[in-house]
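Secondary and tertiary structure notes
Below, each chain spelled out in residue letters.
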Amino acid sequence: IGLPLSKAEITRSGIGETSVRIAESVREDDVYIINTGCGAVNTALMELCIMIHACKIASAKRITAVIPLFPYSRQDKKDKSRAPITAKLVANMIQKAGCDHVIVSIVYLFEDQIQGFFDVPVDNVCHLYSPYMTSAHFAYFSLKLYAEPSAILYIRTHFNIDDVVIVSPDAGGAKRATSIADRLGVDFALFHKERKKANEVSRMVLVGHVRDKIAILVDDMADTCGTLCLAAQHLSEAGVSKVYAIVTHGILSGNALKSVKESALEKLIVTNTLPQTENQAACSKIEVIDIGVVLGEVIRRSHYGESVSKLFHEVPY
């Protein structure tokens, strides 16, 4: 969008406390704070909240948090007794810090449970305003910006569509994968998987026809890459010509890079919601899709009060 980064000073004390000072005036400005849940997530989250609060008491007109990867996004439901919904807690923290608007770059992260995340009614997270909101509510909205258009553009420009089959590595991602497959007009397949424990898959069963096709696995996150690599192995054994994976958030923790190197994957394509320079240097199979243009256009449209729904279906080039 052609603007320089504003100046801010962030320091930490000897006991780890974060101190933030905004080094220029933000009075009556429309402020956009960009932060993402990578590295030391707790530190990044506190920096975000403190910076929001600093802008709020410095009389900023409106504060928008741009969060490519929402912290604690996988803790989005109560899946066992006495388990917290930490993503809701994080949403409340950001709101209470003084944030007026949130832009998140997420693929189908929040579905039915979204209504439990915020203290304002939310009907459809793709809509900026709920018909049930009144002037008594906080002006707090969540915008779900799909990375799907960027993935579709990449597939169209790098593959022969007639040879492609879209594959979901689990049943939970079927909606995401079928959406991409329908828009491309290609076949769809999925894996049914059983887990021994978190991040450890014990058994996968392929459902669908993939023989002699270029299989493209699509997922929201690649953490340890155990599921993706196992799925790639099964696809290779099922007779596909090549296997690729397109993932929104490349967390790539633990032995993920080693697993990707040794896997049947030709490439693992991720977006830059998280920094990927070191990962690309360590593994030649990592390729990055830049979503900076998309986020920049969302910020521009948000500032000028323009519709952003167009960006759910196409990349602004």
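Before going into details, it helps to say that this report is about the structure given with it. (Residues numbered from 1 in each chain as written. Predicted model: local features only at pLDDT ≥ 70, side-chain atom pairs only at ≥ 80, totals over all residues. Heavy atoms only, no water.)

According to the stated counting rule, one finds 11 salt bridges in the structure shown. Several salt bridges converge on common partners, so that one network encompasses Glu 297, Arg 300, Arg 301 and Glu 306. (Salt bridge = Lys/Arg side-chain N within 4 Å of Asp/Glu carboxyl O.)

Positive phi, close to 60°, is recorded for Tyr 72, a residue that is not glycine. Mapped onto the elements, Tyr 72 comes out in the loop between strand 4 (62-67) and helix 2 (86-97). Backbone geometry at Cys 225 places phi at a positive 70°, although glycine is not the residue there. With respect to the helices and strands, Cys 225 occurs in the loop between strand 10 (214-222) and helix 5 (226-237). For Cys 225, a relative accessible area of 4% puts it in the buried group. (Helix = DSSP H or I, 4+ residues; strand = E, 2+ residues; numbered from the N terminus. Buried < 20%, exposed > 50% of the residue type's maximum accessible area, 1.4 Å probe, protein only.)

In this section: the environment of Val 90. Within the fold, Val 90 resides in helix 2. If sequence neighbours within four positions are ignored, Val 90 has contacts with Leu 45, Phe 70, Pro 71 and Tyr 72. (Contact = heavy atoms within 4.5 Å.)

This part covers the side chain of Asn 279. When you line up the elements, Asn 279 lands in helix 7 (residues 277-282). The residues contacting Asn 279, other than those within four sequence positions of it, are Gly 250, Leu 252, Leu 257 and Ile 286.

All right, on to the packing of helix 3 (residues 148-158) against helix 4 (residues 174-184) then. Orientation of helix 3 relative to helix 4, taken along the N-to-C sense of each, is 50°, at an axis distance of 11 Å. Comparing the axis directions of helix 3 and helix 4 gives the class oblique. Helix 4 is crossed by helix 3, and the crossing has right-handed handedness. Residues Glu 148, Ile 152, Ile 155 and Arg 156 of helix 3 pack against Arg 176, Ser 179, Ile 180, Arg 183 and Leu 184 of helix 4. Considered class by class, the residues forming the contact of helix 3 with helix 4 number four nonpolar, one polar and four charged. (Axes fitted to C-alpha atoms, helices over the stretch in contact; angles between N-to-C directions. Parallel < 35°, antiparallel > 145°, perpendicular 65-115°, else oblique. Left-handed = near helix turned anticlockwise from the far one by under 90°. Nonpolar A, V, L, I, M, F, W, Y, C, P; charged D, E, K, R; others polar.)

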